[in-house]
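This is what each chain is made of:
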Amino acid sequence: MDPLLDISDEVRTALDEHRPVVALESSLIVNGPAYPANTELGLEIEKAVRDRGAVPATIGIVDGRFVVGMDADLIERFASSKGVPKVSARDLGPVLAGGGLGATTVAGTVVPAARAGIGVFSTAGIGGVHRRAQETFDVSADLQQFTRSRVAVVCAGSKSILDLGLTAEYLETAGVPVLGYQTSTLPAFYVRESHVPVSRVDDLAVAARATWLHWEVNGDRSVLLTAPIDEQDALDGDEIEDAISAALAEADAAGVRGNAISPFLMRALTEVTAGRSAAATRAVLLSTARVAGEFAVALAATREER
């Protein structure tokens, strides 16, 4: 028994029986839509995983322990509580020591997921190398954590406000493979395509075999399985890029620098898309959860064959 893990009975049974489980972050609950819509979204994402044959395990910190597999009441508590801190990898020790609630981000979730033995994690989009990182050194902790945690991360690439090319270069240098499920380019969150090539796989069984083999030959690090947002929910890439370019010019004129640039760009996108970005974010959370559920089933089946 791991004293830092509070694993729900459902998740523990599934893990013991080698059935598919998908880890989910809790930061999207506390930083998503306003209450009670955030509760509904958290439960909807779990349902999307269940509908594809896997067990969802929403992860957070409660009173000095990782909760792996929240029930509906705990999701409601996270959604309705004020001031719950976001917890990335560097914050885990202090928040665990301090007690109370902590909402884990991508980097903060893959750590307990791997510790619990969960092989698949689902999120809308990972962090990455920020635009102008050559000046700011602003690189998400997600990328470094992927070199330390043996988890397959299902996502829709990185957010469009990031530098996708530099993000891909970082992952290549770190030895983290990036697979594109039914796509030949890295998705950009709510934009389906980019200029960045990835290794295409059209069959999740093939992706599962590739993941197991990577872990076997290259150790405990993550594999990224990127899946584009559904076409009917996607935003136009040219429109988004034009908005980002204009916002960067505005940021320069206003003297916005460093880590203040990303929130500035996100606000600009929300204004330009007249709220369509929020609807697309919800859609991509659900679409990646569905793919993650299917992939977890394929990964469990591949494990049985080995």
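As the structure is a computational prediction, the values presented were derived from the model and not from experiment.

Student: Help me understand unusual backbone geometry in this model?
Tutor: Note on backbone geometry: most residues besides glycine have negative phi, and most peptide bonds are trans. Of note, the bond from Tyr35 into Pro36 is cis; its omega dihedral lies within 30 degrees of zero at 5°. Inspection of the secondary structure assignment puts Pro36 in the loop between helix H2 (27-30) and helix H3 (37-51). Even without being glycine, His18 reaches a positive phi, approximately 60°. Of note, His18 is situated in the loop between helix H1 (9-16) and strand E2 (21-24). For His18, a relative accessible area of 35% corresponds to the partly exposed category. Here Gln182, not a glycine, exhibits a phi torsion of approximately 60°, which is positive. By the element assignment, Gln182 lies in the loop between strand E9 (178-181) and strand E10 (199-201).

Student: Looking at this structure, I do not really get the pattern of salt bridges. What am I missing?
Tutor: Two side chains bearing opposite charge may form a pair once their charged atoms approach each other closely. If you walk through the whole model with that rule in mind, you get 12 salt bridges. Here Arg19 makes a salt bridge to Glu17, at a shortest N to O gap of 2.8 Å. Across the pair Lys47 and Asp51 runs a salt bridge whose closest N-O atoms are separated by 2.8 Å. Of this pair, Lys47 and Asp51 are both found in helix H3, 4 residues apart, which corresponds to roughly one turn of the helix.

Student: Just to check I follow, could you spell out the environment of Leu171 for this structure?
Tutor: On the secondary structure map, Leu171 appears in helix H9 (residues 164-174). Of the residues examined, Leu171 reaches a relative accessible area of 4% and is grouped as buried. Sequence separation of Leu171 and Ser158 is 13 residues, and the distance between their C-alpha atoms is 12 Å. In contact with Leu171, other than residues within four places in its own chain, are Leu143, Phe146, Val176, Val178 and Leu224.

Student: Would you explain the nonpolar core in this entry?
Tutor: What tends to happen in soluble globular proteins is that the nonpolar side chains get buried as a cluster. Counting 107 residues, the largest nonpolar core has Val68, Ile118, Leu225 and Phe295 as its most contacted members. At 12 residues, the largest contribution of residues to this core is made by helix H13 (residues 276-305). What Ile118 contacts, discounting residues up to four positions off in sequence, is Val11, Leu15, Val21, Val22, Ala23, Ala57, Val68, Ala113, Arg150 and Val151.

Student: Mind showing me how you'd approach empty space enclosed by the protein here?
Tutor: Where empty space is left becomes clear once a probe the size of a water molecule has been rolled over the atoms. By the definition in use, this model includes 2 cavities of 30 Å³ or more. Empty space within the second largest cavity amounts to approximately 40 Å³. For the lining of the second largest cavity, the secondary structure elements donating two or more residues are H2 and H3. Split by residue class, the lining of the second largest cavity holds 4 nonpolar, 2 polar and 1 charged.

Student: Is there a simple way to think about the packing of aromatic side chains in this case?
Tutor: Each aromatic ring pair is specified by the distance between its two centres and by the angle formed by the two planes. Taken as a whole and assessed by the stated rule, the structure comprises 2 aromatic pairs. Summarising the aromatic geometry, the rings of Phe189 and Tyr190 are spaced 5.1 Å apart at their centres and angled 65° between planes, so their arrangement reads as edge-to-face. Across the pair, Tyr190 and Phe189 agree in class, each one buried. Aromatic side chains Trp212 and Trp215 sit 5.3 Å apart centroid to centroid with 90° between the ring planes, which places their arrangement in the edge-to-face category. Of this pair, Trp212 and Trp215 are both found in helix H10 (residues 204-218), 3 residues apart, which corresponds to roughly one turn of the helix. Take Trp212 and Trp215: they sit in the same class, and that class is buried.

Student: Is there a simple way to think about the layout of surface pockets in this case?
Tutor: In this model, the largest pocket occupies a volume close to 1,300 Å³. Put simply, the parts of the chain that give the lining of the largest pocket at least two residues each are H2, helix H8 (141-145), helix H12 (261-272) and H13. Here the lining of the largest pocket is built from residues that sort into 16 nonpolar, 15 polar and 9 charged. In this structure, the second largest pocket encloses a volume near 370 Å³. For the second largest pocket, the lining is made up of 19 residues, of which Leu15, Gly117, Ile118, Gly119 and Arg303 are closest to its centre. Looking at the lining of the second largest pocket, the elements that each hand over two or more residues are H1, helix H6 (106-116), H10 and H13. For the lining of the second largest pocket, the element with the most residues is H13, which contributes 4 residues. Of the residues contributing to the lining of the second largest pocket, the split by class is 13 nonpolar, 3 polar and 3 charged.

Student: I tried to follow the pairing of strand E4 (residues 65-68) on my own but got confused; where do I start?
Tutor: Side-chain direction in a regular strand flips from residue to residue, so the side chains alternate between the two faces of the sheet. As paired strands, strand E1 (residues 5-7) and E4 are joined by 3 bridges and run parallel to one another. Looking at the pairing, Asp6 lines up with Val67 of E4. Taking the residues between adjacent antiparallel strands as the criterion, strand E3 (residues 55-62) and E4 are bridged by 2 residues, where Asp63 takes a positive phi near 50°.

Student: Sorry if this is basic, but what is going on with H9 here?
Tutor: Owing to its 3.6 residues per turn, the α-helix aligns residues three or four sequence positions apart on the same side. Within H9 the residues assigned to the buried category are Leu164, Thr167, Leu171 and Ala174. Projection of H9 onto a plane perpendicular to its axis shows the buried side chains occupying an angular sector of 90°, all on one side. Turned more than 90 degrees from where H9 packs its buried face, Glu172 and Thr173 sit exposed. Buried residues belonging to H9 abut H8, E9 and strand E11 (223-226).

The rules behind these values
- Starting afresh in each chain, residues are numbered from 1 along the sequence in its written order.
- Given that this is a predicted model, residues contribute local features only at a pLDDT of at least 70 and side-chain atom pairs are listed and counted only at 80 or more, while totals for whole chains, interfaces and linings are drawn from all residues.
- Heavy atoms from the whole structure form the basis of all side-chain values; hydrogens and water molecules are not counted.
- In this text, helices come from DSSP runs of H or I with a minimum length of four residues, and strands from runs of E with a minimum of two, each type numbered from the N-terminal end.
- For every residue, the accessible area (1.4 Å probe, protein chains only) is compared with the maximum for its type, and the residue is labelled buried under 20%, exposed over 50%, or partly exposed between those bounds.
- We count a salt bridge whenever a side-chain nitrogen from Lys or Arg sits within 4 Å of a carboxyl oxygen from Asp or Glu.
- The criterion used for residue contact is that any of the two residues' heavy atoms lie within 4.5 Å.
- For the purposes of this section, nonpolar cores are sets of buried Ala, Val, Leu, Ile, Met, Phe, Trp, Tyr and Cys residues that join through side-chain atoms within 4.5 Å.
- Grid points spaced at 1 Å over the protein atoms alone were grouped into cavities, where a 1.4 Å probe fits but cannot get out, and pockets, open sets with protein on both sides within 12 Å along at least five of seven lines, with lining residues defined by an atom within 4 Å of a point.
- Grid points are joined across faces, edges and corners, and a volume is the space filled by probe spheres set on the points.
- Charged means Asp, Glu, Lys or Arg here, nonpolar means Ala, Val, Leu, Ile, Met, Phe, Trp, Tyr, Cys or Pro, and polar covers whatever is left, Gly included.
- Here is the rule: rings of Phe, Tyr and Trp (six-membered ring for Trp) pair when centre to centre is within 6.5 Å. Planes less than 30 degrees apart are stacked, more than 60 are edge-to-face, and the remainder are tilted.
- Think of it this way: DSSP has to see at least two bridges between two strands before they count as a pair.
- This arc describes the spread of directions from the helix axis toward the C-beta atoms.

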